[in-house]
Amino acid sequence: MKDELLYNIALTQIPNVGAVHAKNLLSVYGEAKSIFKAPRHHLEKIEGIGTVRAAAIRSFTNFSVCEQEMLFLEKKKISALFMSDDDFPQRLLNCYDHPILLYYRGNADLNASKIIAIVGTRNNSEYGKQFCEQFIGSLKNEDILIISGLAFGIDTIAHKQSVKHEMSTVGLLAHSLDRIYPAENKNMAKQMLHHGGLLSEFISGTKPDRENFPKRNRIVAGMSDATIVVESGKKGGS
(Lines give C-alpha, C1' and ligand atoms only; values in the text may rest on other atoms or scores of the structure.)
Protein backbone atom coordinates (compact mmCIF):
# COMPACT_ATOMS: atom_id res chain seq x y z
CA MET A 1 0.00 0.00 0.00
CA LYS A 2 2.87 2.38 0.78
CA ASP A 3 4.45 1.64 -2.58
CA GLU A 4 1.12 2.39 -4.27
CA LEU A 5 0.72 5.67 -2.38
CA LEU A 6 4.26 6.72 -3.29
CA TYR A 7 3.54 6.43 -7.00
CA ASN A 8 0.10 8.02 -6.65
CA ILE A 9 1.67 11.09 -5.06
CA ALA A 10 4.47 11.10 -7.63
CA LEU A 11 1.93 11.12 -10.46
CA THR A 12 0.60 14.46 -9.18
CA GLN A 13 4.11 15.96 -9.09
CA ILE A 14 5.25 15.42 -12.68
CA PRO A 15 5.80 18.79 -14.42
CA ASN A 16 3.15 19.65 -17.03
CA VAL A 17 1.08 16.54 -16.24
CA GLY A 18 -2.25 17.71 -14.86
CA ALA A 19 -5.31 15.87 -13.61
CA VAL A 20 -6.75 15.21 -17.07
CA HIS A 21 -3.43 13.86 -18.37
CA ALA A 22 -3.08 11.68 -15.27
CA LYS A 23 -6.57 10.24 -15.81
CA ASN A 24 -5.74 9.43 -19.43
CA LEU A 25 -2.59 7.65 -18.34
CA LEU A 26 -4.41 5.70 -15.62
CA SER A 27 -7.08 4.62 -18.09
CA VAL A 28 -4.33 2.96 -20.15
CA TYR A 29 -1.98 1.61 -17.48
CA GLY A 30 -4.37 1.01 -14.60
CA GLU A 31 -2.02 2.11 -11.82
CA ALA A 32 0.46 4.91 -11.27
CA LYS A 33 3.47 2.61 -10.82
CA SER A 34 3.05 1.18 -14.32
CA ILE A 35 3.05 4.68 -15.79
CA PHE A 36 6.56 5.37 -14.50
CA LYS A 37 7.82 2.07 -15.89
CA ALA A 38 6.19 2.42 -19.32
CA PRO A 39 8.45 2.88 -22.40
CA ARG A 40 8.78 6.45 -23.58
CA HIS A 41 7.59 5.69 -27.10
CA HIS A 42 4.42 4.14 -25.65
CA LEU A 43 3.75 7.09 -23.37
CA GLU A 44 4.06 9.50 -26.29
CA LYS A 45 1.05 7.88 -27.98
CA ILE A 46 -1.31 8.48 -25.04
CA GLU A 47 -3.86 11.22 -25.64
CA GLY A 48 -2.51 14.60 -24.53
CA ILE A 49 0.93 13.31 -23.51
CA GLY A 50 3.28 13.66 -26.49
CA THR A 51 7.05 13.92 -26.40
CA VAL A 52 7.46 16.64 -23.74
CA ARG A 53 5.25 15.04 -21.09
CA ALA A 54 6.54 11.55 -21.88
CA ALA A 55 10.07 12.83 -21.27
CA ALA A 56 8.97 14.43 -17.98
CA ILE A 57 7.51 11.13 -16.81
CA ARG A 58 10.56 9.08 -17.74
CA SER A 59 12.97 11.59 -16.20
CA PHE A 60 11.06 12.04 -12.94
CA THR A 61 13.36 11.35 -9.99
CA ASN A 62 11.84 13.43 -7.20
CA PHE A 63 10.55 10.45 -5.24
CA SER A 64 12.23 11.72 -2.05
CA VAL A 65 9.68 14.54 -1.88
CA CYS A 66 6.90 11.97 -2.17
CA GLU A 67 8.45 9.89 0.63
CA GLN A 68 8.60 12.98 2.83
CA GLU A 69 4.95 13.63 2.06
CA MET A 70 4.05 10.12 3.17
CA LEU A 71 5.82 10.73 6.49
CA PHE A 72 3.94 14.01 6.87
CA LEU A 73 0.60 12.31 6.20
CA GLU A 74 1.36 9.62 8.76
CA LYS A 75 2.51 12.10 11.41
CA LYS A 76 -0.52 14.38 10.99
CA LYS A 77 -2.98 11.47 10.54
CA ILE A 78 -4.06 12.74 7.14
CA SER A 79 -5.87 10.40 4.77
CA ALA A 80 -4.82 10.24 1.13
CA LEU A 81 -7.88 9.54 -1.01
CA PHE A 82 -7.19 8.23 -4.51
CA MET A 83 -9.85 8.51 -7.21
CA SER A 84 -10.53 4.75 -7.12
CA ASP A 85 -11.07 4.69 -3.33
CA ASP A 86 -14.60 4.33 -1.96
CA ASP A 87 -14.03 7.30 0.37
CA PHE A 88 -13.07 9.61 -2.51
CA PRO A 89 -15.92 12.13 -3.15
CA GLN A 90 -17.86 10.22 -5.79
CA ARG A 91 -19.69 13.31 -7.10
CA LEU A 92 -16.33 14.71 -8.18
CA LEU A 93 -15.88 11.86 -10.63
CA ASN A 94 -18.49 13.55 -12.84
CA CYS A 95 -16.04 16.43 -13.43
CA TYR A 96 -13.65 15.84 -16.33
CA ASP A 97 -10.78 17.63 -14.55
CA HIS A 98 -11.25 16.28 -11.03
CA PRO A 99 -8.13 15.68 -8.92
CA ILE A 100 -6.83 12.13 -8.84
CA LEU A 101 -5.66 12.47 -5.23
CA LEU A 102 -7.04 14.38 -2.24
CA TYR A 103 -5.71 14.90 1.28
CA TYR A 104 -8.24 14.83 4.11
CA ARG A 105 -8.40 15.43 7.86
CA GLY A 106 -11.75 15.06 9.55
CA ASN A 107 -14.67 12.81 10.33
CA ALA A 108 -17.35 13.90 7.83
CA ASP A 109 -18.64 11.58 5.14
CA LEU A 110 -17.50 13.13 1.85
CA ASN A 111 -20.23 11.11 0.16
CA ALA A 112 -23.05 12.26 2.42
CA SER A 113 -26.55 11.90 1.02
CA LYS A 114 -26.91 15.70 0.77
CA ILE A 115 -24.05 18.17 0.24
CA ILE A 116 -24.54 21.92 -0.12
CA ALA A 117 -21.81 24.44 -0.92
CA ILE A 118 -22.30 27.92 0.53
CA VAL A 119 -19.88 30.48 -0.88
CA GLY A 120 -19.57 34.19 -1.48
CA THR A 121 -17.62 37.39 -1.18
CA ARG A 122 -14.95 38.12 1.40
CA ASN A 123 -16.58 41.56 1.85
CA ASN A 124 -20.09 40.54 2.78
CA SER A 125 -22.84 42.94 3.77
CA GLU A 126 -24.81 42.69 7.00
CA TYR A 127 -27.71 41.32 4.94
CA GLY A 128 -25.46 38.60 3.52
CA LYS A 129 -24.32 37.66 7.04
CA GLN A 130 -27.87 37.49 8.35
CA PHE A 131 -29.12 35.48 5.39
CA CYS A 132 -26.27 32.98 5.70
CA GLU A 133 -26.86 32.53 9.43
CA GLN A 134 -30.61 32.13 9.05
CA PHE A 135 -30.32 29.79 6.08
CA ILE A 136 -27.90 27.43 7.82
CA GLY A 137 -30.01 27.62 10.99
CA SER A 138 -33.02 26.43 8.99
CA LEU A 139 -31.07 23.32 7.96
CA LYS A 140 -29.80 22.32 11.41
CA ASN A 141 -32.19 19.40 11.77
CA GLU A 142 -31.41 18.04 8.31
CA ASP A 143 -28.68 15.52 7.56
CA ILE A 144 -26.64 17.84 5.32
CA LEU A 145 -22.92 18.38 4.84
CA ILE A 146 -22.04 22.06 4.35
CA ILE A 147 -18.88 22.77 2.35
CA SER A 148 -17.11 26.05 1.62
CA GLY A 149 -13.66 27.52 1.03
CA LEU A 150 -12.60 28.69 4.53
CA ALA A 151 -12.04 32.23 3.19
CA PHE A 152 -12.98 35.46 4.94
CA GLY A 153 -16.58 36.63 4.66
CA ILE A 154 -19.38 34.30 3.60
CA ASP A 155 -17.21 31.18 3.73
CA THR A 156 -16.22 31.83 7.34
CA ILE A 157 -19.81 32.59 8.34
CA ALA A 158 -21.00 29.35 6.72
CA HIS A 159 -18.43 27.23 8.54
CA LYS A 160 -18.90 29.04 11.85
CA GLN A 161 -22.69 28.65 11.81
CA SER A 162 -22.39 24.99 10.87
CA VAL A 163 -20.12 24.37 13.86
CA LYS A 164 -22.47 26.36 16.08
CA HIS A 165 -25.39 24.11 15.12
CA GLU A 166 -23.20 20.97 15.28
CA MET A 167 -23.62 20.35 11.57
CA SER A 168 -20.87 18.70 9.54
CA THR A 169 -18.84 21.20 7.56
CA VAL A 170 -15.75 20.69 5.38
CA GLY A 171 -13.36 23.42 4.32
CA LEU A 172 -11.81 23.13 0.85
CA LEU A 173 -8.33 24.64 0.90
CA ALA A 174 -6.39 26.46 -1.81
CA HIS A 175 -3.17 25.34 -0.14
CA SER A 176 -1.79 22.33 1.70
CA LEU A 177 -2.91 20.95 5.07
CA ASP A 178 0.24 22.12 6.85
CA ARG A 179 -1.18 25.65 7.19
CA ILE A 180 -4.42 27.57 7.52
CA TYR A 181 -5.20 30.62 5.42
CA PRO A 182 -6.35 33.08 6.56
CA ALA A 183 -4.53 32.53 9.87
CA GLU A 184 -7.45 34.10 11.74
CA ASN A 185 -9.45 30.94 10.98
CA LYS A 186 -7.04 28.56 12.74
CA ASN A 187 -9.21 28.06 15.82
CA MET A 188 -12.32 27.53 13.74
CA ALA A 189 -10.45 25.05 11.54
CA LYS A 190 -9.54 23.03 14.66
CA GLN A 191 -13.20 22.94 15.64
CA MET A 192 -14.13 21.82 12.14
CA LEU A 193 -11.97 18.72 12.52
CA HIS A 194 -14.53 17.52 15.08
CA HIS A 195 -17.55 18.69 13.07
CA GLY A 196 -16.45 17.89 9.51
CA GLY A 197 -12.93 18.38 8.27
CA LEU A 198 -10.42 19.97 5.91
CA LEU A 199 -9.76 18.82 2.35
CA SER A 200 -7.05 19.73 -0.18
CA GLU A 201 -5.49 18.43 -3.39
CA PHE A 202 -2.17 20.13 -2.65
CA ILE A 203 1.01 18.54 -1.33
CA SER A 204 2.53 19.98 1.87
CA GLY A 205 4.45 23.20 1.41
CA THR A 206 1.94 24.59 -1.10
CA LYS A 207 1.14 28.24 -0.43
CA PRO A 208 -2.26 29.89 -1.09
CA ASP A 209 -1.11 31.25 -4.45
CA ARG A 210 -3.62 32.98 -6.67
CA GLU A 211 -3.86 30.20 -9.28
CA ASN A 212 -4.83 27.67 -6.60
CA PHE A 213 -8.17 29.28 -5.81
CA PRO A 214 -9.93 28.41 -9.10
CA LYS A 215 -8.62 24.86 -8.66
CA ARG A 216 -10.11 24.79 -5.17
CA ASN A 217 -13.40 26.22 -6.44
CA ARG A 218 -13.91 23.43 -8.97
CA ILE A 219 -13.81 20.92 -6.11
CA VAL A 220 -16.32 22.91 -4.08
CA ALA A 221 -18.71 22.94 -7.04
CA GLY A 222 -18.00 19.36 -8.08
CA MET A 223 -18.58 17.87 -4.62
CA SER A 224 -21.91 19.54 -3.98
CA ASP A 225 -25.49 18.82 -5.03
CA ALA A 226 -26.23 22.54 -4.95
CA THR A 227 -24.12 25.68 -4.64
CA ILE A 228 -25.58 28.69 -2.83
CA VAL A 229 -23.84 31.95 -3.78
CA VAL A 230 -24.87 34.38 -1.04
CA GLU A 231 -23.10 37.46 -2.37
CA SER A 232 -20.36 38.02 -4.92
CA GLY A 233 -18.66 40.80 -6.81
CA LYS A 234 -19.03 40.85 -10.59
CA LYS A 235 -15.50 39.47 -10.92
CA GLY A 236 -15.59 37.42 -7.73
CA GLY A 237 -14.38 33.83 -7.58
CA SER A 238 -17.88 32.62 -6.72
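Residues numbered from 1 in each chain as written. Predicted model: local features only at pLDDT ≥ 70, side-chain atom pairs only at ≥ 80, totals over all residues. Heavy atoms only, no water.

Right, let's talk about the sheet that holds strand β4 (residues 145-148) for a bit. Taken together, the seven strands give an open sheet; going across it, the order is β1-β2-β6-β5-β4-β3-β7, and neighbouring strands pair in mixed fashion. Looking at strand neighbours, the two that pair on one side only are β1 (79-82) and β7 (226-229), the edges of this open sheet. Strand-to-strand twist of the sheet, defined as the mean angle between neighbouring strand axes without regard to direction, takes the value 25 degrees. Relative to β7, strand β3 (residues 115-119) runs parallel, the two being bridged by four bridges. Each bridged residue has a counterpart across the sheet, and for Val119 the counterpart in β7 is Val229. Most of the contacts of helix α10 (residues 212-223) go to strand β5 (residues 169-172), to which it runs at about 150 degrees, and overall it touches β2 (101-106), β3, β4, β5, β6 (196-200) and β7. (Pairing = 2+ DSSP bridges. Helix = DSSP H or I, 4+ residues; strand = E, 2+ residues; numbered from the N terminus. Axes fitted to C-alpha atoms, helices over the stretch in contact; angles between N-to-C directions. Contact = heavy atoms within 4.5 Å.)

Right, let's get into a negative patch on the surface. Judged by side-chain charge, Asp86, Asp87, Asp109, Glu142 and Asp143 come together as a negatively charged surface patch. Within the fold, Asp109 resides in the loop between β2 and β3. (Patch = residues over 30% accessible without salt bridge, like charges linked within 9 Å, V, L, I, M, F, W, Y side chains within 5 Å. Areas by Shrake-Rupley, 256 points an atom, 1.4 Å probe, with all protein chains shown as cover. Salt bridge = Lys/Arg side-chain N within 4 Å of Asp/Glu carboxyl O. Lys, Arg positive; Asp, Glu negative; His and termini not counted. Charge placed at Lys NZ, Arg CZ, Asp CG, Glu CD.)

Here we take up the packing of aromatic side chains. Taken as a whole, this structure holds eight aromatic pairs when the rule is applied. Between Tyr181 and Phe213, the aromatic rings sit 6.5 Å apart at their centres with planes inclined by 65 degrees, giving edge-to-face as the arrangement. Within this pair, whereas Tyr181 is found in the loop between β5 and α9 (186-192), its partner Phe213 is found in helix α10, the two being separated by 32 residues in sequence. Residue Phe213 is classed as buried on the basis of its relative accessible area, which comes to 16%. What links up through ring pairs into an aromatic cluster is the set Tyr7, Phe36, Phe60 and Phe63. (Phe/Tyr/Trp six-rings, centres within 6.5 Å; stacked < 30°, edge-to-face > 60°. Buried < 20%, exposed > 50% of the residue type's maximum accessible area, 1.4 Å probe, protein only.)

For Thr121, the location among the structural elements is in the loop between β3 and α7 (126-137). Side-chain polar atoms of Thr121 contact the backbone nitrogen of Asn123, separated by 2.9 Å. Here Thr121 is in contact with Phe152, Gly153, Ile154, Glu231, Ser232 and Ser238, once residues within four sequence places are set aside. (Polar contact = N/O pair within 3.5 Å; in protein donor to acceptor, adjacent residues only side chain to side chain.)

Formed by 43 residues in total, the largest nonpolar core has its most connected members in Leu11, Leu25, Phe36, Ile57 and Leu198. Elements that contribute at least two residues to this core include exactly α1 (2-11), α2 (19-29), α3 (32-37), α5 (50-58), α6 (63-75), β2 and α9. Core analysis: the second largest hydrophobic core is formed by 19 residues, Ala108, Ile115, Ala117 and Ile147 among them. (Core = buried A, V, L, I, M, F, W, Y, C linked by side-chain atoms within 4.5 Å.)

Turning our attention to the pairing of β6. Across the five residues that make up β6, a large majority, five, are buried. Covered by surrounding structure in β6 are Gly196, Leu198 and Ser200 together with Gly197 and Leu199, the residues of both alternating faces. With four bridges joining them, β5 and β6 adopt parallel strand pairing. When the sheet's bridge partners are listed, Leu172 is paired in β6 with Leu199. As for the winding sense of the linkage, the β-α-β connection from β5 through α9 to β6 is right-handed. (Right-handed = clockwise from strand over helix to strand, strands pointing away.)

Below, the discussion takes up the environment of Ile219. Take Ile219: it is sitting in helix α10. Between the alpha carbons of Ile219 and Lys33 there is a distance of 26 Å; along the sequence they are 186 residues apart. Setting aside residues up to four positions removed in sequence, Ile219 forms contacts with Leu92, Pro99, Leu102, Leu172 and Glu201.

Purely geometric stuff here, so don't read any function into it on its own.
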